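Next come the chains, spelled out residue by residue.
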Amino acid sequence: QVQLVESGGGSVQSGGSLRLSCAASGYAYSYYCMAWFRQAPGKEREGVAAIDSDGNPNYADSVKGRFTISQDNAKKTLYLQMNSLKAEDTAMYYCAADFRHCTLTDVQRDYWGEGTQVTVSS
C-alpha cells in the first residue's frame, strides 16, 4: 500500500527555519518525480518545489533562494529545508509523487500525503 507521511512542521517566528520530511513506501520511489505543494486557507494549492529522478530541482519563484529540496533514495525520504521563513509561507504542506508529471504548475499527482502544518508568525 502506498504511503507518504510528512513530518517536521510546526510554529516558528518570521526569519526562522524548519525542515520537512516525507517518508515514502509502497512504490518504486526512485522512478518518480517528488514534489512539495502547499495550501493556505482560502487559497488554491500551489507547487513549491520538485525534484526529478535525476536529482534536478525546480522551485517556485516565491521560495527560490530560501528553500532547498533534496532526497535520499536509499531511505526513500524527501526533504524540504525552509530558511528565512515569512508569514506568507504559512500553509499546510503536502508531499506528492508522480511517474510522469514534474512541473510545479500542474497539480496532478499519482500519490499524496496527508500534510504537515507550517505556521509562521510575524
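1. Observations regarding the side chain of Arg-109
In this structure, Arg-109 sits in the loop between β9 (91-98) and β10 (111-112). One buried charge, Arg-109, has no salt-bridge partner; the nearest side chain with opposite charge is Asp-106, at 4.9 Å. Not counting chain neighbours up to four residues away, the residues in contact with Arg-109 comprise Ala-35, Phe-37, Ala-96, Ala-97, Asp-98, His-101, Cys-102 and Thr-103.

2. As for the sheet that holds strand β1 (residues 3-7)
Spatially, β1-β3-β8-β7 is the arrangement adopted by the 4 strands of the open sheet, whose pairing is antiparallel. The sheet is open, and its two borders are formed by β1 and β7 (67-72), each paired with just one other strand. This sheet shows a mean twist of 15 degrees between the axes of neighbouring strands, independent of strand direction. Across 5 bridges, the pairing between β1 and strand β3 (residues 18-25) is antiparallel. Its bridge partner being in β3, Glu-6 is matched across the sheet by Cys-22.

3. Let's talk about the pairing of strand β5 (residues 46-51)
Within β5, 5 of the 6 residues are buried, which leaves it mostly tucked inside the rest of the structure. In textbook terms, the turn of a hairpin is the stretch between consecutive antiparallel strands, and for strand β4 (residues 33-39) and β5 this stretch comprises 6 residues, one of which, Gly-42, has a positive phi near 80 degrees. Looking at chain direction, β5 and strand β6 (residues 57-59) are connected through 3 bridges and run antiparallel. Residue Ala-49 lies in a different strand from β6, and its bridge partner there is Tyr-59.

4. What about the pairing of β7?
Sheet topology note: the β7/strand β8 (residues 77-82) ladder contains 6 bridges and is antiparallel. What sits directly across from Thr-68, in β8, is Gln-81. Here β7 folds back onto β8, and the loop between the two strands holds 4 residues, one of which, Lys-76, carries a positive phi near 55 degrees.

5. A word on the environment of Thr-105
Counting through the fold element by element, Thr-105 comes out in the loop between β9 and β10. Taking the C-alpha atoms as reference points, Thr-105 and Gly-47, separated by 58 residues in sequence, lie 6.4 Å from one another.

6. Notes on the packing of aromatic side chains
If you walk through the whole model with that rule in mind, you get 7 aromatic pairs. Note on Tyr-27 and Tyr-29: the rings are 6.2 Å apart at their centroids and 40 degrees apart in plane angle, and the pair reads as tilted. Residues Tyr-27 and Tyr-29 agree in their burial class; the two are buried. Ring plane angle 35 degrees and centroid distance 5.9 Å describe the contact between Tyr-32 and Tyr-111, whose orientation is recorded as tilted. With Tyr-32 in the loop between β3 and β4 and Tyr-111 in strand β10, this pair connects stretches of sequence that are 79 residues apart. On the accessibility criterion, Tyr-32 (12% relative accessible area) is buried. For Tyr-111, a relative accessible area of 25% translates into the label partly exposed. Here the aromatic residues Tyr-27, Tyr-29, Tyr-32, Phe-99 and Tyr-111 are joined through ring pairs into a cluster of three or more. Lying over the aromatic face of Tyr-94, Arg-45 brings its terminal NZ or CZ to 4.5 Å of the ring centre. Taking the ring centre of Trp-112 as reference, the NZ or CZ of Arg-45 above it sits at 4.5 Å.

What counts as what
- Residues numbered from 1 in each chain as written.
- Predicted model: local features only at pLDDT ≥ 70, side-chain atom pairs only at ≥ 80, totals over all residues.
- Heavy atoms only, no water.
- Helix = DSSP H or I, 4+ residues; strand = E, 2+ residues; numbered from the N terminus.
- Buried < 20%, exposed > 50% of the residue type's maximum accessible area, 1.4 Å probe, protein only.
- Lys, Arg positive; Asp, Glu negative; His and termini not counted.
- Salt bridge = Lys/Arg side-chain N within 4 Å of Asp/Glu carboxyl O.
- Contact = heavy atoms within 4.5 Å.
- Pairing = 2+ DSSP bridges.
- Axes fitted to C-alpha atoms, helices over the stretch in contact; angles between N-to-C directions.
- Phe/Tyr/Trp six-rings, centres within 6.5 Å; stacked < 30°, edge-to-face > 60°.
- Lys NZ or Arg CZ within 6 Å of the ring centre and 35° of its normal.

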